[in-house]
Amino acid sequence: MGTPHLLAFSTTRHGGQSKGEYSSFNINEFCGDDPADIAANRRLLCDELGIDEAHLVMPHQTHGVVVRQIAEDFVHLPDNIRKMILEGVDAVMTDVSGICIGVSTADCIPIIIYDPDHHAVATVHAGWRGTVARIAEKAIQAMAITYHSKPEQLHCVIGPGISLDNFEVGQEVYEQFAEAGFDMDSIARWQTKWHIDLKECNRQQLERMGIKPDNIEVSPVCTMADNHDFFSARKQGVNSGRIFTGALLNEE
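Residues numbered from 1 in each chain as written. Predicted model: local features only at pLDDT ≥ 70, side-chain atom pairs only at ≥ 80, totals over all residues. Heavy atoms only, no water.

**Quick look at the pairing of strand β7 (residues 120–126)**
Within β7, seven of the seven residues are buried, which leaves it mostly tucked inside the rest of the structure. Burial along β7 is two-sided: the face carrying Ala120, Ala122, Val124 and Ala126 and the face carrying Val121, Thr123 and His125 are both buried. In this structure, strand β4 (residues 91–94) lies alongside β7, joined through four bridges in antiparallel fashion. Directly across from Thr94, in β7, lies its bridge partner Val121. Connecting strand β6 (residues 109–115) to the antiparallel partner β7 that follows it, the hairpin turn spans four residues, and His119 within it adopts a positive phi of roughly 50°. (Buried < 20%, exposed > 50% of the residue type's maximum accessible area, 1.4 Å probe, protein only. Helix = DSSP H or I, 4+ residues; strand = E, 2+ residues; numbered from the N terminus. Pairing = 2+ DSSP bridges.)

Right, dumping it as structure tokens:
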């Protein structure tokens with residue numbers, strides 16, 4: 001997503017201090033990593049971004065559909081209040097320059113939604129449960145209410161996540177997608193078990209909300225296949241690091 005007004009990125013496994021299955025760059029405090037290593041890695045990222053740590057916003061995700069607005073006064077709140085505001089949140093949005101919002105993934109799908117007209121951005125965590133519950137659509141609706149964003153003016157990136165080839169699911173998961181109204185012929189394939197294309201599910205949601213196909217960029221990275229560079233919970237287990245997909249608005 002090339003624009004002088006937005007820095008959008010996904011971290012890799014490299015360049016940090018974490019060890020073992022968290023090696024080496026993990027900033028997520030909810031996956032069992034050493035707090036000292038997490039703190040060191042967060043400082044490294046903030047230094048790279050040119051912000052202080054209070055301006056790095058990362059929610060505690062629970063595979064729900066809560067979308068939280070991050071306003072200018074957020075960075076001035078006590079740490080415990082900030083944590084409370086971010087508890088149980090799977091998408092964050094802001095129109096404040098200098099605040100880096102982001103979500104954590106390790107096979108789930110991260111989405112960045114940018115509104116250049118209203119200088120606003122959202123980051124979304126879409127695992128299979130969030131995808132079924134259409135969290136991407138809810139984030140777009142929240143941006144429309146809060147920032148008056150219009151879908152046809154939005155630009156989106158679907159970031160590194162598990163591919164159709166590697167996302168094998170049981171019949172019960174397949175049925176949840178079918179019951180939620182997804183076009184199963186276009187998102188699912190049978191290979192001894194069902195496989196589902198989470199990136200395509202979310203791309204279709206974005207299009208369904210009115211975002212132009214040319215304004216949707218989809219990363220080719222499969223986190224499980226590219227586990228040497230990106231964390232994968234399916235490959236490594238849940239006690240492993242997380243990718244951070246962030247968005248930092250610059251001054252207009």
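Text resumes after the structure shown.
**Side note on helix α1 (residues 35–49)**
Taking 1.5 Å of rise per residue, 15 residues should cover 21 Å, and α1 covers 21 Å from first to last C-alpha, within 8% of that figure. For α1, the complete set of buried residues consists of Asp37, Ile38, Ala40, Asn41, Arg42, Leu45, Cys46 and Leu49. Against β1 (6–10), β2 (56–57), β5 (100–105) and β13 (243–249) lie the buried residues of α1. N-capping of α1 is provided by Asp34, with a side-chain oxygen placed 2.7 Å from the backbone N of Ala36. (Expected span 1.5 Å × (residues − 1). Contact = heavy atoms within 4.5 Å. Polar contact = N/O pair within 3.5 Å; in protein donor to acceptor, adjacent residues only side chain to side chain.)

**Considerations on the layout of surface pockets**
If you add up the space inside the largest pocket, you get close to 550 Å³. Around the largest pocket, the lining comprises 24 residues; the ones closest to its centre are His63, Cys108, His125, Ala233 and Arg242. Every element with two or more residues in the lining of the largest pocket is listed here: β5, α3 (128–132) and α8 (233–236). As a volume, the second largest pocket reaches approximately 410 Å³. The wall of the second largest pocket is formed by 19 residues, among which Glu29, Arg42, Met58, Asp79 and Lys83 lie closest to the centre. Looking at the lining of the second largest pocket, the elements that each hand over two or more residues are α1, β2 and α2 (79–85). Considering every element that reaches the lining of the second largest pocket, the biggest residue donor is α1, with four residues. Considering only residue class, the lining of the second largest pocket consists of 11 nonpolar, one polar and seven charged. (1 Å grid on protein atoms, 1.4 Å probe; cavity = no way out; pocket = protein on both sides within 12 Å on 5 of 7 lines; lining within 4 Å. Points joined across faces, edges and corners; volume = space filled by probe spheres on them. Nonpolar A, V, L, I, M, F, W, Y, C, P; charged D, E, K, R; others polar.)

**Overview of a negative patch on the surface**
A contiguous patch of negative charge on the surface is contributed by Asp47, Glu48, Asp52 and Glu53. Within the element layout of this structure, Glu53 appears in the loop between α1 and β2. In this structure Glu53 comes out as partly exposed when scored by relative accessible area, which is 35%. (Patch = residues over 30% accessible without salt bridge, like charges linked within 9 Å, V, L, I, M, F, W, Y side chains within 5 Å. Areas by Shrake-Rupley, 256 points an atom, 1.4 Å probe, with all protein chains shown as cover. Salt bridge = Lys/Arg side-chain N within 4 Å of Asp/Glu carboxyl O. Lys, Arg positive; Asp, Glu negative; His and termini not counted. Charge placed at Lys NZ, Arg CZ, Asp CG, Glu CD.)

**Considering the sheet that holds strand β10 (residues 188–191)**
Taken together, the three strands give an open sheet; going across it, the order is β9-β11-β10, and neighbouring strands pair in antiparallel fashion. Sheet topology places β9 (168–169) and β10 at the edges, where each strand pairs with a single neighbour. Looking at chain direction, β10 and strand β11 (residues 193–196) are connected through four bridges and run antiparallel. Across the sheet, residue Ala188 finds its bridge partner in β11, namely Ile196.

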